[in-house]
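# Breakdown of the fold
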Amino acid sequence: MTLIKTSYNRRSFLKASVLGGGGMMLGFSWLVSCEADVADVVEPTKGIPKEWFDINAFLKIGDNGLVTIMSPNPEIGQNVKTSMPMIVAEELDVDWKDVVVEQAPLNTDIYTRQLAGGSQSIRQGWQGLRMAGATARHMLLAAAAQQLEVRIEELKTENGVIKHEESDRTLTYGEVASLAGSMDVPEEVSLKDPKDFKIIGTGRNNVDGQKIVRGVPMYGLDIKREGMLYATVIHPPAFGMKPGNVKNEEEIKALAGIKDVFMINTMPEGIELQWSDRNNVFPELIAIVGESTWQVIKAAKQLDVDWKAESELESSEMHEAQLTNILNQTADEPGRIDGNPEAAFQQATKTIERTYDAPFLAHNTMEPMNFFANVTADHAELIGPIQTPEFAEKTVAKLLGMDLEQVDIMMTRMGGGFGRRLYGNFVMEASLISQKVAAPVKLFYTRESDMTQGTYRPAYKVKYRAGFDENNQLIAFHVKGAGIHGGPVFANRFPAGAVDNYLAENLGMQSNISTGAWRAPRSNFMAFAEQCFLDECAAAVGQDPIEFRLQLLERAINKPVGDNNDYDAERYAGVLKLVKEKSDWANPPSGIHRGVSAYFCHNSYVAQVVDVELVKGRPKVKDVHCAVDCGIVINPLAAKNQIEGGIVDGIGHAMYSQITFKEGKPEQQNFDEYRLIRHSEAPENIYTYFVDNGIDPTGLGEPSLPPIMAAVANAIAAAKGERLYQQPFISSEAVLG
Amino acid sequence: MAIYKLNINGKEHQVDVDADTPLLWILRDHVQLTGTKYGCGVGQCGACTVHVGGYAMRSCSLPISQLGDQAVVTIEGLAENGDHPLQEAWLEHDVPQCGYCQAGQIMQAAALLQSNSAPSDEEIAATMNGNICRCGTYTRIKAAIKTAADKMN
């Protein structure tokens, strides 16, 4: 047991009765707001309590012992709505089957970080969630001690029951919940020893699983209110343009079901912006409001706008030429320099140099951008899918001229995020539209407007050089990256720390195309380039690719270069060794060609071996072996799902996907032009192995994606004898067969 | 605008809409059955898959005027208690991540199992290829379909 001070964020543990907006926590019901004719499907085993007692902001307990745990963070499919409450339940010491989960309202004063991004929900929530459960458990014990007239030290808990062994008396949590709510919040609480965990580390099904498979309304796009109107926004067809007049405004307004057409501006002069607003290059938009989705979609297609070119209309050829050009320049300030790289390259008896690149990518969440807004004179009610509700709330308040207290954001389950919903332009758009038409409005994007709106993963290019001495030792390493709106290189990541003479540089170029975080930003390109290059380095010196990496990591373990290396070399080597063993690396099945890759990002370590088979000359990914060190795994069932998803996502985007531009216009507008991976292209089997080391948990939503791109490329190189340097791979002869 | 009568999940409905309105938006906006999802609007992603006359169809690309008197089944009506073997297998394999595409996946898989009670891996892949899962749950979907097929046989 660990004793821990609760001063960490004591406001979270104050009784809910003193919280501002406490009523809202219980006030939102899908069944009321959606008029759905489906009954709520989750029937708690204990039945519905007659009365609930708030213990702290994270949980309330019913008189029958049923526990409601609030899930603080936005759910984008990373499964925090199950795993975060699991952590609370563990320390509370209740049976998981007696727990129901509710999405918490936005209140960062009590829930601290309510953001889905950077694979940080569990890592940063870990301590607070444990304390929420442990604090409540302590208060229940204190209440029981008072009721039984014994000392608290004489009591034990087990699965929601408090026992006094000496007198053979028991009380359930439900029986003391009322009194517990009035107990003092303890100054310090005991946390469980991880070896005593009963819920953490066991597979628990998605708490929304029943609702998902029955089609119960849960997503922003499912919202319906009495008197609600439907709206969409039309952004310029090309980056570098802005809207002028709507030429056929009267005609559009006269269409059946159309209520209004008008211009909005989500970034007027003088409005204080959050970081999540600043990449928006389409603040001025045409809004169309109507009585049904279809009528609005039809009207949007007929809209005739005088679009005005404001800046250069860019093309993919221009980006390619400019990135190539800046890659020949030297960064003003290197990201990192160890030893004397240029002198070492002079001494090298063997040098290799390779360049890798990757295109823009769209997020393409399956649920397109949308938001519900009901803005009245003194209140803005906002409901929908957003990864950064706190920032959106602040900007909306400024935009509407309201106080923060007048703006309420309710988070819905999201049909995917991947970084796109970090940028809440659609929240501002919905708010302004609702304000203008003075009615509740559901803003929706069509797939085409979603895909062409921007916020893309930027195009990147990176050049690697490696120099070896006469003993085939790596003595010099140089990585130089170039990208739209900034370079992709992480200066202090592997192999920094493992090479005496090392240089990392980043160069960026401006563009009027908007970019943003896309699942594992920068890593989603760098892992591909770096791990493909290291494979070529190994080949250049005739070494096994895993042995080559392990030798570098040995160096970083025993005699690291510099003291500012981002990664733990032992954990890094650990996943490589594990995947080597589990995949039986040296003995691939007959007809199988293998590639390996390992990467560190989001505080976690992943190593993968990919098995590729040639079917009529075309490479097909058969099996993937994946070793992961993310510390303690909260929910292995969902954790494996995340790893598998990242692998499929990574293979898909490396193989098939890209956004290209002509005269500022994205050339891919829907899934007939933008290719996503499909069933037949997914690996046959994915085997995931977690390192069991008891270290506090780290990121899981992103880390399996970056390395898989290189593992696949390296396996294809093994199969076809041809290296891949450009994404998407499908444009290469080696992949086409 | 015109009045159309529909049979959805065994219930009669009447809607007054434009003749070119896709079945998807009838379901979502007019009948409040939002389990059927919008993903692309051009029949490329499968999120809007429903059964029409017993066959899997993309409801985003089916104008109401062409529906005729064919009965429609959506995810809400696949099984009365939400306990179709596919729905149970989906839970058993904990398939969903974001969950948005899964209703369409289940409806496509249900049509597959109606015509082929023991599909091979290749047959599953071929039939399910029109349904995109952006989260990449394909291997679990395949496993869940096989589990459901085993239970139904």
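Each value, and the rule that gives it
- Residue numbers here run from 1 along each chain, matching the order of that chain's written sequence.
- In the order they appear in the text, chains get letters beginning with A and ligands get numbers beginning with 1.
- Given that the model is predicted, a residue must reach a pLDDT of at least 70 before its local features are reported, and side-chain atom pairs must reach 80 or more before they are shown or counted; all residues, however, enter totals for whole chains, interfaces and linings.
- As a rule here, side-chain values cover all heavy atoms of the structure and leave hydrogens and water aside.
- Working definition: helices are DSSP H or I runs of at least four residues, strands are E runs of at least two. Numbering for both runs from the N terminus.
- Residue exposure (1.4 Å probe, protein chains only): buried if accessible area is under 20% of the type maximum, exposed if over 50%, otherwise partly exposed.
- For the purposes of this description, domain bounds are those given by an automatic or database domain assignment.
- A contact between two residues is defined here by any heavy atoms of the two lying within 4.5 Å.
- Defined here as a combined quantity, buried area equals the accessible surface (1.4 Å probe) lost by two parts on assembly, summed across both.
- Nonpolar residues are Ala, Val, Leu, Ile, Met, Phe, Trp, Tyr, Cys and Pro. Charged residues are Asp, Glu, Lys and Arg, and all others, Gly as well, are polar.
- By this definition, two strands are paired if DSSP reports at least two bridges between them.
- A crossover counts as right-handed when, viewed with the strands pointing away from the observer, the path leading from the first strand over the helix to the second turns clockwise.
- Interaxial angle, 0 to 180 degrees, is taken between N-to-C directions of lines fitted to C-alpha atoms, where a helix line uses only the stretch in contact.
- Throughout, a crossing is termed right-handed when the near helix is turned clockwise from the far one, and left-handed when it is turned anticlockwise from it by less than a right angle.
- Think of a salt bridge as a Lys or Arg side-chain nitrogen and an Asp or Glu carboxyl oxygen that are within 4 Å of each other.
- Under this definition, polar contacts are N or O atom pairs within 3.5 Å; protein pairs additionally need one hydrogen-donor-capable and one acceptor-capable atom, and for neighbouring residues in sequence, both atoms have to be side-chain atoms.

## Some words on unusual backbone geometry
Residues and elements named next belong to chain A.
- Along the chain, Phe-494 connects to Pro-495 via a cis peptide bond; the corresponding omega equals 5°.
- When you line up the elements, Pro-495 lands in the loop between strand E22 (474-484) and strand E23 (501-509).
- Across the junction of Gln-727 and Pro-728, the peptide omega takes the value -5°, indicating a cis bond.
- With respect to the helices, strands and loops of the structure, Pro-728 is situated in the loop between helix H19 (705-720) and helix H20 (733-736).
- Unusually for a residue other than glycine, Phe-418 sits at a positive phi of about 55°.
- Within the secondary structure layout, Phe-418 lies in the loop between strand E19 (407-411) and helix H13 (425-437).
- Looking at Phe-418, the relative accessible area reads 11%, which means it is buried.

## Here we look at the domain arrangement of chain A
Residues and elements named next belong to chain A.
- Considered domain by domain, chain A is made up of domain 1 (2-199), domain 2 (220-311 + 369-444) and domain 3 (329-360 + 456-736).
- Taken together, the contact pairs 21 residues of domain 1 with 24 residues of domain 2.
- In total, about 1800 Å² of surface goes out of reach between domain 1 and domain 2, with carbon and sulfur atoms giving 66% of it.
- Residues belonging to the side of domain 1 that touches domain 2 are distributed by class as follows: 12 nonpolar, 7 polar and 2 charged.

## Digging into the pairing of strand E18 (residues 380-384) of chain A
Residues and elements named next belong to chain A.
- With 5 of 5 residues buried, E18 is to be regarded as a mostly interior element.
- Burial along E18 is two-sided: the residues Ala-380, Leu-382 and Gly-384 and Glu-381 and Ile-383 are all buried.
- Both strand E17 (residues 370-375) and E18 contribute to a ladder of 4 bridges, which runs antiparallel. When the sheet's bridge partners are listed, Val-375 is paired in E18 with Ala-380.
- Connecting E17 to the antiparallel partner E18 that follows it, the hairpin turn spans 4 residues.
- Remark: the E18/helix H12 (residues 389-400)/E19 crossover connection has right-handed handedness.

## Focus: the packing of helix H15 (residues 523-540) of chain A against H19(A)
Residue and element names in this part refer to chain A.
- Their axes nearest at 7 Å, the elements H15 and H19 cross at an angle of 35°. The way H15 lies across H19 gives a crossing that is right-handed. Between H15 and H19, the residues in contact are Ser-523, Asn-524, Ala-527, Phe-528, Gln-531, Cys-532 and Asp-535 and Leu-705, Pro-706, Pro-707, Met-709, Ala-710, Ala-713 and Asn-714, respectively.

## Digging into the interface of chain B and chain A
- Chain B puts 53 residues into the contact, and the matching count from chain A is 65 residues.
- Between chain B and chain A, roughly 5000 Å² of surface is buried when both sides are summed, and carbon and sulfur atoms account for 53% of that area.
- Looking at the side of chain B facing chain A, the largest losses of area belong to B:Gln97, B:Arg134 and B:Tyr138, adding up to 17% of the total buried there.
- Here chain B and chain A share 6 salt bridges between them.
- For the salt bridge of B:Lys37 with A:Asp222, the shortest nitrogen-to-oxygen distance reads 2.8 Å.
- Where chain B packs against chain A, one counts 37 residue pairs in polar contact (both at pLDDT 80 or more).
- Taken together, the elements giving at least two residues each to the side of chain B that touches chain A come down to helix H1 (23-30), helix H2 (85-92), helix H3 (102-115), helix H4 (121-128) and helix H5 (138-152) of chain B.
- When residues in the side of chain B that touches chain A are grouped by element, the largest group, 5 residues, is from H5(B).
- Residue classes in the side of chain B that touches chain A are distributed as 22 nonpolar, 20 polar and 11 charged.

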